[in-house]
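Chain residues, written in single-letter form:
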Amino acid sequence: MKTRSLQRRYAIGRGITAVIIIIILVIVGAGAYFVLTPSTATTTSPTSSTPTSSTTTPPTLASGTLSVSFANVPVTDPAKGSDEASSTALVNLYDSLVFPTSAGTLQPDLATSWQVSSDGLTYTFKMRQGVTFHNGDPVTASDVVFSMNRLITVGQGYSYLFSPYIGNVTALDSSTVAIHLKKTFGPFLTALVRLYILDQKQVVANIGSGPYGSNGDYGSTWLLTHDAGSGPYSIQAANLESFMTLQAYTNYWNGTQTNQPSTVQIIGSTSSTQALFSSKQIQITDQWQPYSTVASLAQLKGAKLVTIPTVNEFYLMINTKQAPTDDIFVREAMTYAFNYTAVVNDIFTGSKPSAGPVPSALPGHDSAIPVGQQNLALAKQLMAKSKYAGQLNNYPVKYFWVTQVPAEQKMALQFASDMQQIGITVQVIGQPWLTVVADLANLTSSPNIVSIQDGASYFEAGSVLQSRYTSASDGTWEQNEWLQNTTLDNMIYSALSTLDQTARFKAYATIQQQIYNMYPTICAFDVYEVRAYYPTVVNWYAANGHPIVLLGYDFYFRDFQFYPSQLAALG
């Protein structure tokens, strides 16, 4: 649930801690209570098989509005949001210089053309003319300068993609911007899909007090409930505890589409999805429902089940600094004791076992790494070599699963059952996402295992390797492994700096092999989203075989066709 995340979903993103603090301050009550009161955790016996359930009263939704459920309400500050819900909102509220396609390529967006210097250090972009922000201000090169500088200064969200590389950004004139890099960054153009351009004038006019010197809070508080973008939608209403409503921008530079949804409501909760979809109040479910629930909803009149590929992977992140998972033999034994087949067949149906730390569909994945398979005999042999052999009763393994995703509980119980067979006792603990994020901020509060889905920010293996396994992600929800390995850091950054793609992908493969041999992660499965939707009501490109697999881009609502009149025919 993102908050990467959920997973990474859920997840809010790098530097998430500060985001969480803001959310906690804004969402008075529940959020703070969860973070400050660990006793609210749901602890389940490994022998239990009853999933968590909860009931809430479905909110009243506007008729004629396309409504979709997500794990959380979006964080719409482009310098902070990065989870699924937030990324979805950002790609609709803001334009970027380039835009990804379903073929994995780039197309011009705010930039109409660009040139790259021979040393790969300077990128010069010509800006599209006549584009306006939602308040009517023109989009200029100076806004690009402001947006990049702000992103790096705030240092959260997708800032990690650019912070190591950006030297300076210069507006050569009102429609030409040059980005100078301190060092080469091979996938730089691809990563620019995560630079969202804000209206400098509007943000500056809404600065509050904060930690950024003369820039105060850099407009962050205001941007939680407003936008300063030029994208095809603007924020119409926001309730940070339950929903956000987007309204189509009628002066969008690329026009509006026939039957494009005029308003879209993002429901920031998964607990009421079943009731809302059954009553047709939402037309597309979130991806966090148990497969059995989605399959049941797909049996409703006019509904359909759809499976969509992603470049996300579900990880069981292993803390390599706490006993007993600080022992590589314990970690390797866990890897072989886990029943991958049961998880993808019975729990996350439709997904496929992973082959290493990078999703198989991502360019740069190392196909030489084998798919995970259970081998209990080998696992027991490995446990016998562990320094904890014969004393595992003194070292129970603490496993966190995210309560907003009920299916995770089933996977946690499967894991606990598997580990019992090699003598490991697992404490299965359900935690709200925000509590998970807070606990992962410190080594001492991080569990032995946490289940989290994560994925690529841009279409290349280096994105996952950087966000998951460099020391820069220690203390974020993206790394419970606490590798703190400078050798690995240097390998990853060296690969990212390589301009030649063939050489870069070769370096990625070497890194994946090294991570695989360290056993810091149980790479559970490559994620295939399973959702229910009403195809006669919503014509959705991702469901029709043309997904844009980067987080958020499957919900570019301008390219949806919405037929609310068809809802009546469904009864």
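Look above for the structure.
Every value quoted in this text rests on a predicted model; they were computed, and no experiment measured them.

Asks: When you look at the overall build of the protein chain in this model, what are you seeing that I'm missing?
Replies: Looking only at helices and strands, one finds 17 helices and 19 strands in the protein chain. The 571 residues of the protein chain split such that 60% are buried. When the accessible area of the protein chain is evaluated, it comes to approximately 19,600 Å², of which 51% is carbon and sulfur surface.

Asks: Looking at this model, I keep getting lost on the sheet that holds strand β7 (residues 166-173). Mind explaining?
Replies: Hydrogen bonds between backbone groups are what pair the strands of a sheet, and the pairing can be parallel or antiparallel. What the 4 strands build is an open sheet, ordered β5-β6-β8-β7; its pairing is antiparallel. If you trace the sheet from one side to the other, it starts and ends with β5 (111-116) and β7, each paired once. Sheet twist, expressed as the average angle between the axes of neighbouring strands with direction ignored, equals 20 degrees. Of the pairings in the sheet, the one linking β5 to strand β6 (residues 122-127) comprises 5 bridges and is antiparallel in character. Bridging from a neighbouring strand, V116 pairs with Y123 of β6.

Asks: Honestly, unusual backbone geometry in this entry has me stumped. Any pointers?
Replies: It is generally the case that most residues other than glycine have a negative phi and that most peptide bonds are trans. A323 connects to P324 through a cis peptide bond whose omega is 0 degrees. In this fold, P324 is placed in the loop between β12 (304-318) and α10 (328-337). Residue N259 is not a glycine yet carries a positive backbone phi of 65 degrees. Residue classification places N259 among the partly exposed residues on the basis of a relative accessible area of 36%. For Y519, which is not glycine, the phi torsion reads 50 degrees and is therefore positive. For Y519, the position within the fold is in the loop between α17 (501-518) and β17 (521-533). The exposure class of Y519 is buried, given its relative accessible area of 9%.

Asks: Can you help me understand the nonpolar core in this one?
Replies: Among soluble globular proteins, nonpolar side chains are generally buried collectively. By size, the foremost hydrophobic cluster in this structure holds 127 residues, and its most contacted members are L97, F162, L192 and W540. Looking at this core, the element that brings in the most residues is helix α5 (residues 141-154), giving 7 residues. Ignoring sequence-local partners within four residues, the contact set of L97 consists of P108, D109, L110, A111, F125, M127, V144, I179, L192 and L195. L316, I347, M411 and M419 belong to the second-largest nonpolar core, a separate cluster that totals 39 residues.

Asks: Explain α10 here, please?
Replies: Side chains of residues three or four places apart in an α-helix project in the same direction, reflecting 3.6 residues per turn. Across the 10 residues of α10, 8 count as buried, placing the element largely inside the fold. Looking only at α10, the buried set comprises V330, R331, E332, A333, M334, T335, Y336 and A337. Measuring from the side-chain oxygen of the N-cap residue of α10 to the backbone nitrogen of F329 gives 2.6 Å; that N-cap residue is D327.

Asks: Help me out: how do you make sense of the pairing of β7 in this one?
Replies: In summary, the side chains of a regular strand alternate between the two faces of the sheet. In this sheet, strand β8 (residues 176-181) lies alongside β7 in antiparallel orientation, the contact comprising 6 bridges. Looking at the pairing, V169 lines up with I179 of β8. The turn linking β7 back onto β8 is made up of 2 residues.

Asks: It is not clear to me how the sheet that holds strand β9 (residues 233-239) should be interpreted in this structure. Could you clarify?
Replies: Judged by pairing direction, the sheet is mixed, and its 4 strands sit side by side in the order β2-β11-β10-β9 without closing on themselves. Across the chains shown, the open sheet's two edge strands, defined by having one partner strand only, are β2 (66-69) and β9. Sheet twist, expressed as the mean angle between neighbouring strand axes with direction ignored, is 20 degrees. Docked against the sheet, helix α4 (residues 84-93) engages β9, β10 (243-248) and β11 (263-267), running at close to 140 degrees with respect to β9.

Asks: I tried to follow the pattern of salt bridges on my own but got confused; where do I start?
Replies: Close approach of charged atoms lets side chains of opposite charge pair. The final tally for this structure, using the stated rule, is 7 salt bridges. Note that D77 and R150 form a salt bridge whose closest N and O atoms lie 2.8 Å from each other. A residue pair is termed long-range when its members are at least 10 positions apart, and D77 in the loop between β2 and α4 and R150 in helix α5 qualify at 73 residues. On the basis of relative accessibility, which here comes to 0%, the residue D77 falls in the buried class. Of the residues examined, R150 reaches a relative accessible area of 1% and is grouped as buried. The residue R468 makes a salt bridge to E481 at a minimum N-O spacing of 2.6 Å. Placement of R468 in helix α15 (residues 461-469) and of E481 in the loop between α15 and α16 (486-496) is noted, with a sequence separation of 13 residues between them. For E481, a relative accessible area of 0% gives the class buried.

Asks: For this particular structure, what's the right way to read the packing of aromatic side chains?
Replies: Both the distance between ring centres and the angle between the ring planes are used here to describe each pair of aromatic rings. A full pass over the atoms with the stated rule returns 31 aromatic pairs. Where F185 meets Y458, the ring centres are 6.3 Å apart and the plane angle is 80 degrees; that geometry is what we call edge-to-face. Linking F185 in the loop between β8 and α6 (188-191) with Y458 in the loop between β16 (449-455) and α15, this pair joins segments that are 273 residues apart in sequence. Consider the rings of Y533 and W540, whose centres lie 5.9 Å apart with planes at 80 degrees: the pair is edge-to-face. Grouping residues by exposure puts Y533 and W540 together as buried. Taken together, the aromatic side chains of F70, Y233, Y533, W540, Y541, F555, F557 and F560 make up a single cluster linked through ring pairs.

Asks: Any chance you could explain helix α12 (residues 376-384) here in plain terms?
Replies: By the burial criterion, the buried members of α12 are A379, L382 and M383. Down the axis of α12, the buried side of the element spans an arc of 100 degrees, and every buried residue falls inside it. Along α12, the residues that are exposed and aim more than 90 degrees away from the buried face are Q381 and A384. On its buried side, α12 packs onto α10.

Asks: What's the story with the packing of α10 against α12 in this structure? I'm lost.
Replies: Two measures define how a pair of helices packs: the angle their axes make with one another and the distance between the axes. Where α10 meets α12, the closest approach of the two axes is 8 Å, and the angle between their N-to-C directions is 170 degrees. Taken as axis vectors, α10 and α12 run roughly antiparallel relative to one another. As for the relative orientation of α10 and α12, their crossing is left-handed in sense. Between α10 and α12, the residues in contact are F329, V330, E332, A333, Y336 and A337 and L376, L378, A379, L382 and M383, respectively.

Asks: Honestly, the packing of α15 against α17 in this entry has me stumped. Any pointers?
Replies: For the pair α15 and α17, interaxial distance at closest approach is 10 Å and the crossing angle is 40 degrees. The angle between the axes of α15 and α17 places the two elements in the oblique class. Handedness of the α15/α17 crossing: left-handed. Between α15 and α17, the contacting residues are A461, G462, L465 and Y469 on the first element and Y508, I511, Q512 and I515 on the second. Looking at the contact of α15 with α17 residue by residue, the class counts come to 6 nonpolar, 2 polar and no charged.

Conventions and cut-offs
Residues numbered from 1 in each chain as written. Predicted model: local features only at pLDDT ≥ 70, side-chain atom pairs only at ≥ 80, totals over all residues. Heavy atoms only, no water. Helix = DSSP H or I, 4+ residues; strand = E, 2+ residues; numbered from the N terminus. Buried < 20%, exposed > 50% of the residue type's maximum accessible area, 1.4 Å probe, protein only. Areas by Shrake-Rupley, 256 points an atom, 1.4 Å probe, with all protein chains shown as cover. Pairing = 2+ DSSP bridges. Axes fitted to C-alpha atoms, helices over the stretch in contact; angles between N-to-C directions. Core = buried A, V, L, I, M, F, W, Y, C linked by side-chain atoms within 4.5 Å. Contact = heavy atoms within 4.5 Å. Polar contact = N/O pair within 3.5 Å; in protein donor to acceptor, adjacent residues only side chain to side chain. Salt bridge = Lys/Arg side-chain N within 4 Å of Asp/Glu carboxyl O. Phe/Tyr/Trp six-rings, centres within 6.5 Å; stacked < 30°, edge-to-face > 60°. Arc of directions from axis to C-beta. Parallel < 35°, antiparallel > 145°, perpendicular 65-115°, else oblique. Left-handed = near helix turned anticlockwise from the far one by under 90°. Nonpolar A, V, L, I, M, F, W, Y, C, P; charged D, E, K, R; others polar.

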